[in-house]
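Residues per chain, in single letters:
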Amino acid sequence: MDRIRIIGGRKLHGTIRISGAKNSALKLMAACLLSPDTLTLTNVPDLADIASMAGLLQHMGVAVERHGSTMTLNAGGVRDCMAPYDLVRKMRASILVLGPLVARHGKARVSLPGGCAIGTRPVDMHLTALEQMGAVITLNEGYVNASAPDGLTGNSILFPKVSVGATENLLMAATLAKGETILGNAAREPELADLARCLQAMGAQIEGIGTGRLKVTGVDRLHAAHYAVMPDRIEAGTYAIAPVRAGGDVVLEGAPCATRPALLGGLV
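All values derive from a computational prediction rather than experimental measurement. (Residues numbered from 1 in each chain as written. Predicted model: local features only at pLDDT ≥ 70, side-chain atom pairs only at ≥ 80, totals over all residues. Heavy atoms only, no water.)

1. Considering the pattern of salt bridges
This is how it is decided: Take a side-chain nitrogen of Lys or Arg and a carboxyl oxygen of Asp or Glu: if they are within 4 Å of each other, that pair is a salt bridge. Runs of H or I in DSSP of at least four residues are treated as helices and runs of E of at least two as strands, each being numbered from the N terminus. Relative accessibility decides the category of a residue: with a 1.4 Å probe and only protein chains considered, values under 20% of the type maximum give buried, values over 50% give exposed, and everything between is partly exposed.
Tallied over the full model, the rule gives 6 salt bridges. The residue Lys27 makes a salt bridge to Glu168 at a minimum N-O spacing of 2.9 Å. Placement of Lys27 in helix H1 (residues 22–31) and of Glu168 in helix H6 (residues 164–174) is noted, with a sequence separation of 141 residues between them. Comparing Lys27 with Glu168 shows no difference in burial state: the two are buried.

2. Some remarks on H1
Among the 10 residues of H1, 8 are classified as buried, and the element is accordingly described as predominantly covered. Residues of H1 that are buried include every one of Ser24, Ala25, Leu26, Lys27, Leu28, Met29, Ala30 and Ala31, and no others.

3. A look at the sheet that holds strand E4 (residues 70–74)
As a reminder of what qualifies: At least two DSSP bridges between two strands are needed for those strands to be called paired. Orientation is described by lines fitted to C-alpha atoms, with helices fitted over the stretch in contact, and by angles between N-to-C directions that extend from 0 to 180 degrees.
Read across the sheet, 4 strands follow the order E3-E4-E2-E13 without closing on themselves; strand pairing throughout is mixed. A strand with exactly one partner marks an edge of an open sheet, and here the two such strands are strand E3 (63–67) and strand E13 (225–228). For this sheet, the mean angle separating the axes of adjacent strands, direction not counted, is 15°. The pairing of strand E2 (residues 38–42) with E13 spans 4 bridges and is classified as parallel. Paired with Thr40 across the two strands is His226, which belongs to E13.

4. Digging into the nonpolar core
To keep it simple, the criterion reads: The criterion is simple. A nonpolar core is a set of buried Ala, Val, Leu, Ile, Met, Phe, Trp, Tyr and Cys residues joined through side-chain atoms within 4.5 Å. Only heavy atoms enter the contact rule, under which two residues are in contact if any of them lie within 4.5 Å.
Within the largest apolar cluster, 79 residues are counted, with the highest numbers of intra-cluster contacts made by Leu33, Leu41, Leu57, Val97, Leu152, Leu171 and Leu199. Not counting chain neighbours up to four residues away, the residues in contact with Leu171 comprise Leu183, Leu192, Leu195, Ala196, Leu199, Ile206, Leu214 and Val216.

5. Side note on the confidence of the model for the protein chain
Just so we agree on the cut-off: Values of pLDDT, which run from 0 to 100, indicate the predictor's confidence residue by residue.
Scored by pLDDT, the protein chain has a mean of 91; 92% of the residues are at 70 or more. Low pLDDT (under 50) marks residues 115–120, which in the prediction has 4 contacts with non-local residues, meaning those over four places away or in another chain.

See below:
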């Protein structure tokens, strides 16, 4: 399709069901690597990135099944802790398998999102923080090689700048680390809070959700859980604006109002 032609001048009416947030679902899928038990996710959107992440997890040995918007993931049979470039290059969120693999299996080999042809690597904070928790990390031919055969150890980590990805990676890693981990200058996005709540449903001990300081007390293992992916706040915001401009009456089912206070306040 080269273009979309929109003929305006009509009021909008109807009901729209808001999809699950891709930027949350991808992280929740990676979290399955932290447990040998089944993680069941509902409200999973049907998107190419979701299929790519499922393919990467299956490559590692995760059993993935999907029925409609429900997905089950079982990482009890993980046989390969490598995330190859051909799979990672399709989606930058693939780097988020690094923390869970090192935390549970004590090793990981994950391609950098840009392979060898990349300047200043955008994952430096992920790697530095994992090193602070005891991981030994080397970079070779575009791959991150991480090892922690005796497991990770909690530490106080202050991110030099706010990074959603680094916060997510270290949050997952810290759930199985020995002792207590403090993540300072942590990201506060609703999708990060969604990940933290899913981890809690799996048995993780996390305090400070929604703030810039997360406290994680490591546990020996995480267990099975059922969790619903949060609705997509960007999709909801887009549909909320449309009838305000065009007129009409539209119902947004499952809209995450709590995550869009500024937008909704401006529409009232």
